[in-house]
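So you can see what is in the structure, the chains are spelled out below.
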2 protein chains.
Amino acid sequence: MKEIAKLPTETARDYALRAIRENIVSLDLEPGTGISENEIAGFLGVSRTPVREAIQELSKAAVIEIYPQRGSYVALIDSTFVEEARFLRKTLDIAVIEEACDLATQADIDRLEENVALQEFYLQTQAADKIYLLDDEFHKLIYSAAKKETLHAMRSNIMLHFDRVRTLSMKTVKDTKIVGDHRQMLESIKNKDKENCRMLVEKHLSRYHIDEAEIRAAYPQYFKD
Amino acid sequence: MKEIAKLPTETARDYALRAIRENIVSLDLEPGTGISENEIAGFLGVSRTPVREAIQELSKAAVIEIYPQRGSYVALIDSTFVEEARFLRKTLDIAVIEEACDLATQADIDRLEENVALQEFYLQTQAADKIYLLDDEFHKLIYSAAKKETLHAMRSNIMLHFDRVRTLSMKTVKDTKIVGDHRQMLESIKNKDKENCRMLVEKHLSRYHIDEAEIRAAYPQYFKD
DNA sequence: ACACAGAAACTTGTATACAAGTTATTTATG
DNA sequence: CATAAATAACTTGTATACAAGTTTCTGTGT
């Protein structure tokens, strides 16, 4: 588990939740790892209570499994969950981007333009971690343009499963293609071309689908079944 | 707040979560009501810890608002949330019922048949509460047939907002129409008629849309804005 | 060396005590 | 009586103590 600095504003609970979640997504807490409320509390410098609440929340998202009186474990990557997360992402992202075609204001377009421009910039400077963050931001901006902010928060939770696979795939998937997809999505929103948006979302997602088999072969110990 | 019996098997936390959630959905805890961890703990006969964890979870679903050091309140019905819940329900239910057309086994069909038969039975005996439960079960069975059980759990959370409106509408919406919709959905799944499924889901949802205006007029104090 | 019993060291679940902050009440003062 | 300050009674956030159960280690007897 890697250290993550506590922000002065956030509560102990929010800090614990953020720290544990980031460690799970980054795979610094590997799937299958046993975790202890006491151990993490000591590591983060807070008491068991906020750590416990954070773990409860993550167990509800099914990325931590709690066995009462026995211990808690970082869940193995479950192909069923990943598949359902992909289904949700495809279904919802398409519906939302179509809505964004109807509702996006010029201010929304401007924010998307700035985001994609930054992605294209960092693509040249090879800053993969920056692109990762901008990727999240890009999709959040689309949900915002479609007035579906609440759904984006919910989407984030179930996407944790998908995100772990994405972390593993960062080395193999070409950022060039991802940023190119985003550029084309933005242009299609500007043109209010829903059919093209739908096609782009499906193509975008298929990029991750292709290399899951490779990833699973490379890290079999991380997967369930 | 109405009393709900604690099941001998469930933990204090699960009991508190179930009791509070049912009271919110049934509107025995009215929107806007102030709630206290201590008060509920005393009422349920458990300590603050499990009650607090339950409230935290419900605040994440945005049906409870926590103001640190000030108090917690049952959230008013927020039209934005209700609209997003409706959007999610429509989008996801359509995608899932289409998937069910492809994947439903005979066993799935049999379970759906039994469920709808019971709905039609209780429709004649005027048992609205039974139909309410069977309605939930019906949609859960469809998600199960489409192998999307995880998404159904997630759907349930965001649907809390929608469910409160549904509780208010139970007196006005005709159960006859709901059960009729379900019967037609089942027949369309059997015929693998996706286009008809899509149309039926949209019509089904529109029934709730129609009377939201009436409900809002009848209970303005429950609504935000 | 092996088997078994028992204690010790863990786990999470729950209850309670305290901390920090807000609100309402009460009391003193003009 | 009105007003303001002090205070008491609340709230949630956090830490800690204890309860109940599981696992692991350890020592002892064979």
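Look above for the structure.
Residues numbered from 1 in each chain as written. Chains lettered and ligands numbered in written order. Predicted model: local features only at pLDDT ≥ 70, side-chain atom pairs only at ≥ 80, totals over all residues. Heavy atoms only, no water.

Regarding the interface of chain A and chain B
Between chain A and chain B, the contact holds 23 residues from the first and 23 residues from the second. Overall, the association of chain A and chain B removes approximately 2300 Å² of surface from exposure, summing both partners, and the carbon and sulfur fraction of that is 65%. In this structure, the connection of chain A to chain B is made through 4 salt bridges. Residues Glu57 of chain A and Lys60 of chain B are paired through a salt bridge, measuring 3.9 Å at the closest nitrogen-oxygen approach. At the boundary of chain A and chain B, one finds 8 residue pairs in polar contact (both at pLDDT 80 or more). Element by element, the count of residues in the side of chain A that touches chain B is highest for helix 4 (residues 79-103) of chain A, at 9 residues. (Contact = heavy atoms within 4.5 Å. Buried area = accessible area lost by both parts, 1.4 Å probe. Salt bridge = Lys/Arg side-chain N within 4 Å of Asp/Glu carboxyl O. Polar contact = N/O pair within 3.5 Å; in protein donor to acceptor, adjacent residues only side chain to side chain. Helix = DSSP H or I, 4+ residues; strand = E, 2+ residues; numbered from the N terminus.)

Focus on the relation of the copies chain A and chain B
Of the two same-sequence chains, chain A is brought onto chain B (RMSD 0.1 Å, axial shift 0.0 Å) by a rotation of 180 degrees. With respect to symmetry, the two chain copies, as superposed, fit the operation of a two-fold axis. The share of interface residues of chain A whose copies in chain B are also at the interface is 100%, consistent with both copies meeting through the same surface. (Least-squares fit on C-alpha atoms with pLDDT ≥ 70 in both.)

Looking at the protein's contact with DNA strand C
DNA strand C sits among 21 residues. The nearest are Ser36 and Arg52 of chain A together with Ala12, Ser47 and Thr49 of chain B. Of all DNA strand C atoms lying within 4 Å of any protein atom, the proportion belonging to sugar or phosphate reaches 63%. A distance of 2.6 Å separates a phosphate oxygen of DNA strand C from a polar atom in the backbone of Ser47 of chain B. Contact distances for DNA strand C include 2.7 Å between a base nitrogen and a side-chain N or O atom of Thr49 of chain B. Classifying every residue of the surface near DNA strand C by side-chain character gives 6 nonpolar, 9 polar and 6 charged. (Near = heavy atom within 4 Å. Nonpolar A, V, L, I, M, F, W, Y, C, P; charged D, E, K, R; others polar.)

Looking at unusual backbone geometry
Its identity as a non-glycine residue notwithstanding, Asp225 of chain A has a phi of 80 degrees, on the positive side. Along the chain, Asp225 of chain A falls in the segment after helix 9 (194-218). Despite not being glycine, Lys192 of chain B shows a phi value in the positive range, around 55 degrees. Mapped onto the elements of the fold, Lys192 of chain B is located in the loop between helix 8 (175-190) and helix 9 (194-218).

Quick look at the protein's contact with DNA strand D
Near DNA strand D there are 21 residues, and of these Ala12, Ser47 and Thr49 of chain A together with Arg52 and Gln69 of chain B occur at the shortest range. For DNA strand D, the backbone portion of the atoms within 4 Å of the protein, that is sugar and phosphate, comes to 62%. Thr49 of chain A places a polar side-chain atom, nitrogen or oxygen, 2.7 Å from a base nitrogen of DNA strand D. Taking Glu37 of chain B, its main chain carries an N or O atom lying 3.3 Å from a phosphate oxygen of DNA strand D. For the surface near DNA strand D, the secondary structure elements donating two or more residues are helix 1 (12-25) and helix 3 (48-60) of chain A together with helix 3 (48-60) and strand 3 (71-74) of chain B. Considered class by class, the residues forming the surface near DNA strand D number 6 nonpolar, 9 polar and 6 charged.

Looking at the sheet that holds strand 1 (residues 34-35) of chain B
Residue and element names in this part refer to chain B. The sheet built from 3 strands is open, its strands ordered 1-3-2 with antiparallel pairing. Bordering the open sheet on either side are strand 1 and strand 2 (64-67), each of which pairs with just one other strand. When strand 2 meets strand 3, the two strands line up antiparallel, connected through 4 bridges. The partner of Ile66 across the bridge, within strand 3, is Ser72. (Pairing = 2+ DSSP bridges.)

Concerning the sheet that holds strand 3 (residues 71-74) of chain A
Residues and elements named next belong to chain A. Strand order in the open sheet made by the 3 strands is 1-3-2, with antiparallel pairing throughout. If you trace the sheet from one side to the other, it starts and ends with strand 1 (34-35) and strand 2 (64-67), each paired once. As paired strands, strand 1 and strand 3 are joined by 2 bridges and run antiparallel to one another. Its bridge partner lying in strand 3, Gly34 is registered against Tyr73.

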